Amino acid sequence: MNIKVRGNVLDADGEPIIEELELFRQDPVECVRELLGNTTFRDVMCYAPERTYVDEKHSERIYNDMWTADWWWNLQTQLSQFSGDKSAWPVYLTIGNISKCTHRQIGKHAMILLGYIPVSKLRCFATADQRKMQAQRLFHYCLRTMLQPLFATGAQGLDVFPILAAYIADFPEQALVACTLESWCPICSCFPEDRGDPLAVIFSDDAEPLFRDQCDHMADVGHPVFHFQGCPYRHGLPHCDIFCSLTPDILHQLHKGVFKDHLSTWCTSLATNLEIDARFKALPIHLSVQSFKKGISTVSQWTGTEYKSMEKVFTALLPGAIPPPAVCAARCSGTFHNDKQFFIDQQIRQHFHIPKFHMMEHYVESIKSRGTADGFNTKLPERLHIDFAKMAYRASSRHDYTIQMTQWITRQEKVHALGAYVSWSCPDKGEEEEVQTDMEATGWSFHLAKDPGFPNTPVRKLIQEFHATHFLHALSTYMHRKLPGHTRQINEDTRLDVYKRVRFTLGSIQRIEDTTVNDVVRTIPFVPHHGQTPDTPAQFETAIIHYGREAQETGTEGYRVSRVHAIFRLPADLEHPCPLAYVEWYSPFTQPVPGPEMYMVSVPSGKSSAAIVPMHSIRRSCHLIPHFGKTIDPSLSADNSLDRCRRFYVSDFLDLYTYQFFND
């Protein structure tokens, strides 16, 4: 579709310069039909809203995917009353019927490229202000054109009611679609100087009626929040309240904004870079946490993965290095507004009128209305931009590139459609590569490799290289309790099959996630250098172990933390098929430590704390963070901190499951 933009700059003949642009678009209704008819999503799609609760008494409601939130439920009630320069701005579309876990998988193709909005510098206008204003009008005109089929079908329905439910964007684009100034909130009418007050959101006016009056009367409504001339793309779009449709932007608002640009900067300014870097360098290794071998002060460009890894350990690294009020604020618990005054007293901040902090005040209502924020992350569109913009552009000849990009993407979609059909018609069951236990009711299971990493290992080697000092005593105690009639003697010459790792499949906890998550505990001894290959440090990782009958799905009662040194099987003649693990216990859980609000465990002193436990007792891995005190020991490193330190914080930010386990 060609678009002609008539400017106010005159050409040589005295006529206004006209700039021609191209808008590439698909029919959004056909895109919705394509997603609804895709057999790939048949098992991850929901067609009606539902309310889910923690228990049968409906004491606490669960918000997860869009169909578990309020907006869909409320709208369903309404609808049931109806009868029958080298730049491209990609716009993507998906439907809330598909689960968020599927949305986040790029290879599932649950998001469709709706079209490209042309990007131009609009030099046919004389001033920068005019160009900026006309660029906004161009954006809204193009988006309104792309969504035009929704105006009729969204009101009257077809087979379904395709309605604009959520708009995923970063803050500048949120201001653009809401037609507000970037210095104002794009969701409410709170004044900029009131953004530091958590009550400002409660007492602010609803922005939608104010903006609707301005659109209907094409006049100023006397409120400085709006900054737009013309007809916005959503005006007249059925059931669309764009201010409520703007969802939380986790990547830019939380990871990059609240945490990296503000909170971490404030806290680290209270200590030296040398001290903070040393603490990050000494973090024990865990597969879910990125290693910071050079600290954090020298990192120039951060990615979302680095932000999240830093957030998982940040609160536990601070005690002793900075004052307790700052540690409490870093936890970002419900007392943040009580603790934030400390940063003003220390002259680190003068005020808290920060837009990204204010946007967090809207998160609760957004989750209740549209579902949890991880289903609307801007990380996904940024990743899609690589496929639909960058890769498509590289495949072009750089001349008339937009046409070639759309043709290239069309061919890619046809290839994917063929692959999806082949997968559906001829499913490949594949081969099982691991030995798996029976799934429990919670979906938890563990997996061991078919072939052990260290077959026929003498117990003597196990004691020396795996640091299983009390192995024989612990195994004797276990066999006496579990195999009372055995006559086989286990000594240092007995050979056992020993494994390098165990992989766990974690089931969902209260429908937080619909997909399973893999977890790993490694038990690998030190490997000396060979040729040009450097030494490989030992990896004996920590885990949470089911310890008592009173243990529940969540909560620390009945569980203990231990360090796993060896995973092995008993000789076949003992007829004990369950794999075992040699572990060394840490102290039991007590109460969370005030400030970081994390559980602390320690290495017991005195008698041996070793034991042999069946593999099904190990629930999952955990991450221990040393309590470094006021000043870190310079000899500590990621390879030896678990061995040399005595007290540890148990990180509850390792992942969503761990947080639910410790904070339920």
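No experiment lies behind these values; they were computed from the predicted model shown.

**Quick notes on the side chain of T378**
Move 1: When you line up the elements, T378 lands in the loop between α17 (363–370) and α18 (379–394).
Move 2: Here the side chain of T378 touches D249 through a polar contact of 2.4 Å, side chain to side chain.
Move 3: A distance of 3.2 Å separates a polar atom in the side chain of T378 from a polar atom in the side chain of H252.
Move 4: Not counting residues within four places of it along the chain, the set of residues in contact with T378 comprises I168, A169, D170, D249, L251 and H252.

**Regarding empty space enclosed by the protein**
Move 1: Of the volumes computed, that of the largest cavity is approximately 60 Å³.
Move 2: Taken together, R195, G196, F336, H337, K340, F352, F357, H358 and E361 make up the lining of the largest cavity.
Move 3: Those elements that provide at least two residues to the lining of the largest cavity are α14 (336–339) and α16 (355–359).

**Some remarks on the sheet that holds strand β21 (residues 624–626)**
Move 1: Reading across the sheet, the three strands line up as β18-β22-β21 and stay open at both edges, with antiparallel pairing between neighbours. The sheet is open, and its two borders are formed by β18 (599–602) and β21, each paired with just one other strand. Each adjacent strand pair in this sheet contributes to an overall mean axis angle of 40 degrees, direction not counted.
Move 2: Summarising the sheet, β18 and strand β22 (residues 647–650) pair through four bridges and their orientation is antiparallel. Of the residues in β22, the one forming a bridge with M600 is Y649.

**Concerning the confidence of the model for the chain**
Move 1: Of all residues in the chain, 86% attain a pLDDT of 70 or more, and the chain-wide mean is 82.
Move 2: Across residues 79–85, where pLDDT falls below 50, the model places 11 contacts with residues more than four positions away in sequence or in other chains.
Move 3: This stretch, residues 430–436, has a pLDDT under 50; its non-local contacts, to residues over four places away or in other chains, come to 14 contacts.

**A word on the pattern of salt bridges**
Move 1: Tallied over the entire structure, the rule returns 11 salt bridges.
Move 2: A salt bridge links R460 to D493, with the shortest nitrogen-to-oxygen separation between them at 2.7 Å. You can see R460 sitting in helix α20 (residues 459–465) and its partner D493 sitting in the loop between α21 (471–482) and β11 (495–499), a full 33 residues away along the chain.
Move 3: One salt bridge connects D643 with R563, and the closest N-O pair in it is separated by 2.5 Å. Of this pair, D643 sits in helix α22 (residues 641–644) while R563 sits in strand β16 (residues 559–569); the two residues are 80 residues apart in sequence, bridging distant segments of the chain.
Move 4: Several salt bridges share partner residues, and in doing so they unite R460, E492 and D493 into one network.

**Considerations on α21**
Move 1: Between its terminal C-alpha atoms α21 stretches 16 Å, which fits the 16 Å expected from 12 residues at 1.5 Å a residue.
Move 2: Of all the positions in α21, only F471, A474, L475, Y478 and M479 are classed as buried. Projected onto a plane normal to the axis of α21, the buried residues spread over an arc of 130 degrees and lie on a single side. Residues of α21 that are exposed and point over 90 degrees away from its buried face: H473, H480 and R481.
Move 3: Looking at the buried residues of α21, the elements they touch are α20, β11, β16, β17 (580–585) and β19 (610–614).

Definitions and cut-offs
Residues numbered from 1 in each chain as written. Predicted model: local features only at pLDDT ≥ 70, side-chain atom pairs only at ≥ 80, totals over all residues. Heavy atoms only, no water. Helix = DSSP H or I, 4+ residues; strand = E, 2+ residues; numbered from the N terminus. Polar contact = N/O pair within 3.5 Å; in protein donor to acceptor, adjacent residues only side chain to side chain. Contact = heavy atoms within 4.5 Å. 1 Å grid on protein atoms, 1.4 Å probe; cavity = no way out; pocket = protein on both sides within 12 Å on 5 of 7 lines; lining within 4 Å. Points joined across faces, edges and corners; volume = space filled by probe spheres on them. Pairing = 2+ DSSP bridges. Axes fitted to C-alpha atoms, helices over the stretch in contact; angles between N-to-C directions. pLDDT = per-residue confidence, 0-100. Salt bridge = Lys/Arg side-chain N within 4 Å of Asp/Glu carboxyl O. Expected span 1.5 Å × (residues − 1). Buried < 20%, exposed > 50% of the residue type's maximum accessible area, 1.4 Å probe, protein only. Arc of directions from axis to C-beta.

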